[in-house]
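This is what each chain is made of:
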Amino acid sequence: MNFERLYDVLKATYGNLGKWWPGDKEEILITAVLTQSTNWKNVEYAMENIYKLTNKERLLDFLYKLPKDELANLIKPAGFFNIKAQRLKNLLEFFKKYNFDLDTISREENLRDKLLKIKGIGKETADSILLYVFEKPVFVVDAYTKRILNRIYNLKLEDYDEIQELFYKYYPKDVQLYQEFHGLIVEHAKRYCRKKPLCDSCFFHKCAYFTSPFLTY
DNA sequence: ATCCCGAAAT
DNA sequence: ATTTCTGGAT
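Residues numbered from 1 in each chain as written. Chains lettered and ligands numbered in written order. Predicted model: local features only at pLDDT ≥ 70, side-chain atom pairs only at ≥ 80, totals over all residues. Heavy atoms only, no water.

1. Quick look at the protein's contact with DNA strand B
- Taken together, Asn39, Lys41, Asn42, Tyr45, Lys76, Pro77, Gly79, Phe80, Phe81, Asn82, Ile83 and Arg194 make up all the residues around DNA strand B.
- When atoms of DNA strand B within 4 Å of the protein are split into backbone and base, the sugar-phosphate part holds 63%.
- Separating a phosphate oxygen of DNA strand B from a side-chain N or O atom of arginine 194 is a distance of 2.5 Å.
- For the surface near DNA strand B, the secondary structure elements donating two or more residues are helix H3 (40-51) and helix H6 (81-96).
- Grouping the amino acids of the surface near DNA strand B by side-chain chemistry returns 5 nonpolar, 4 polar and 3 charged. (Near = heavy atom within 4 Å. Polar contact = N/O pair within 3.5 Å; in protein donor to acceptor, adjacent residues only side chain to side chain. Helix = DSSP H or I, 4+ residues; strand = E, 2+ residues; numbered from the N terminus. Nonpolar A, V, L, I, M, F, W, Y, C, P; charged D, E, K, R; others polar.)

2. Here we look at the domain arrangement of chain A
- Its domain assignment divides chain A into domain 1 (3-16 + 141-174 + 182-206) and domain 2 (25-132).
- Each of domain 1 and domain 2 has a C-alpha centre, and these two points are 27 Å apart.
- At the junction of the two partners, domain 1 supplies 8 residues and domain 2 supplies 5 residues.
- Summed over both partners, the interface of domain 1 with domain 2 buries about 530 Å², with 43% contributed by carbon and sulfur atoms.
- The largest contributions to the domain 1 side of the interface with domain 2 come from Tyr160, Asp161 and His182, which together make up 64% of the buried area.
- Linking domain 1 to domain 2 there are 1 salt bridge.
- One salt bridge connects lysine 123 with aspartate 161, and the closest N-O pair in it is separated by 2.9 Å.
- At the boundary of domain 1 and domain 2, one finds 3 residue pairs in polar contact (both at pLDDT 80 or more).
- Elements with a contribution of two residues or more to the side of domain 1 that touches domain 2: helix H11 (160-170) and helix H12 (175-191).
- For the side of domain 1 that touches domain 2, the element with the highest residue contribution is H11, accounting for 3 residues.
- For the side of domain 1 that touches domain 2, the class distribution of residues is 3 nonpolar, 3 polar and 2 charged. (Domains from an automatic or database assignment. Contact = heavy atoms within 4.5 Å. Buried area = accessible area lost by both parts, 1.4 Å probe. Salt bridge = Lys/Arg side-chain N within 4 Å of Asp/Glu carboxyl O.)

3. Some details on the protein's contact with DNA strand C
- Taken together, 24 residues form the shell around DNA strand C, and within it Trp20, Ser37, Thr125, Tyr144 and Lys190 come nearest.
- Of all DNA strand C atoms lying within 4 Å of any protein atom, the proportion belonging to sugar or phosphate reaches 68%.
- The backbone of asparagine 39 places a nitrogen or oxygen atom 3.3 Å from a base oxygen of DNA strand C.
- Within the backbone of tryptophan 40, a nitrogen or oxygen atom sits 3.3 Å from a phosphate oxygen of DNA strand C.

4. Overview of the UniProt feature "domain: HhH-GPD" (unreviewed entry) in chain A
- Per the UniProt annotation, the sites labelled "domain: HhH-GPD" (unreviewed entry) are residues 34-191.
- Across residues 34-191, helical content stands at 65% and strand content at 0%; the span's end C-alpha atoms are separated by 22 Å. (UniProt positions renumbered as here; feature names shortened; annotations may be inferred.)

5. Quick look at the packing of helix H2 (residues 25-34) against helix H9 (residues 123-132)
- Contact pair H2 / H9: the axes reach a minimum separation of 10 Å and the direction vectors enclose 160°. Looking at the two axes, H2 sits roughly antiparallel to H9. Between H2 and H9 lies a crossing whose hand is right-handed. Note on element contacts: H9 touches H2 through Thr125, Ile129 and Tyr132, opposite Ile28, Leu29, Ala32 and Val33.
- Counted by class, the contact of H2 with H9 contains 6 nonpolar, 1 polar and no charged residues. (Axes fitted to C-alpha atoms, helices over the stretch in contact; angles between N-to-C directions. Parallel < 35°, antiparallel > 145°, perpendicular 65-115°, else oblique. Left-handed = near helix turned anticlockwise from the far one by under 90°.)

6. Quick notes on unusual backbone geometry
- We note that tryptophan 20 has phi near 75°; this positive angle belongs to a residue other than glycine.
- With respect to the element layout, tryptophan 20 can be found in the loop between helix H1 (6-14) and H2.
- Although it is not a glycine, asparagine 110 sits at a positive phi angle of roughly 50°.
- Counting through the fold element by element, asparagine 110 comes out in the loop between helix H7 (102-106) and helix H8 (111-116).
- Given a relative accessible area of 55%, asparagine 110 falls into the exposed group. (Buried < 20%, exposed > 50% of the residue type's maximum accessible area, 1.4 Å probe, protein only.)

7. A few points about the nonpolar core
- Counting residues in each nonpolar core, the largest one holds 73 residues, and the members touching the most others are Leu6, Phe95 and Leu115.
- Ranked by the residues each element gives to this core, the list is headed by H12, at 7 residues.
- A domain-level breakdown of this core finds at least three residues from each of domain 1 (3-16 + 141-174 + 182-206) and domain 2 (25-132).
- In contact with phenylalanine 95, other than residues within four places in its own chain, are Leu29, Phe100, Leu102, Ile105, Leu115 and Phe134. (Core = buried A, V, L, I, M, F, W, Y, C linked by side-chain atoms within 4.5 Å.)

Shown next as structure tokens:
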């Protein structure tokens, strides 16, 4: 199967995921950190704890003012809570400089580089924020993306930027497309393309469009 | 390569 | 009981 058809096949399989990342912009900002190497259910538990003490309108300002150890206690179910509490503090400190005005931040030059300077915000988290919060046409690369490229196309790429360029080369820079594409990749990886792959029931295993000679699963 | 961490998924 | 989770820093 041609790489440029991957999106259509995934979409035909899993349907319309739309924006896929749940929550409003302020919420996505927080969950982008909480979900680092953590399953989504535990992120929901952490957000539930937070919303016992505040509401969506005051979310960012509330977390900014909350002492770090209290924040760590709230987000405990999300794991890595001490590190993530510090990372959220670092992130919120950056946003505080703009009075949490997302529209102003969105207009900043070299926003990706500015996000990457925040300790605890790596390429994947930065790009997730750019794509789902600021709605920039940035493709998010994650471990699932690497796994799927490896298993379906035998592309053993490790470099983040190189993988990102691959998607930019074959797909138009479109926010809706990238938002849904990343979601489709995650959903497919969670359901079938796991570390221990479920190839027997995987769609790609007997996909009529699949013609790669490098099928490894 | 290892640490950070709890909890779901298997 | 063990593995894995919408990573990043050291």
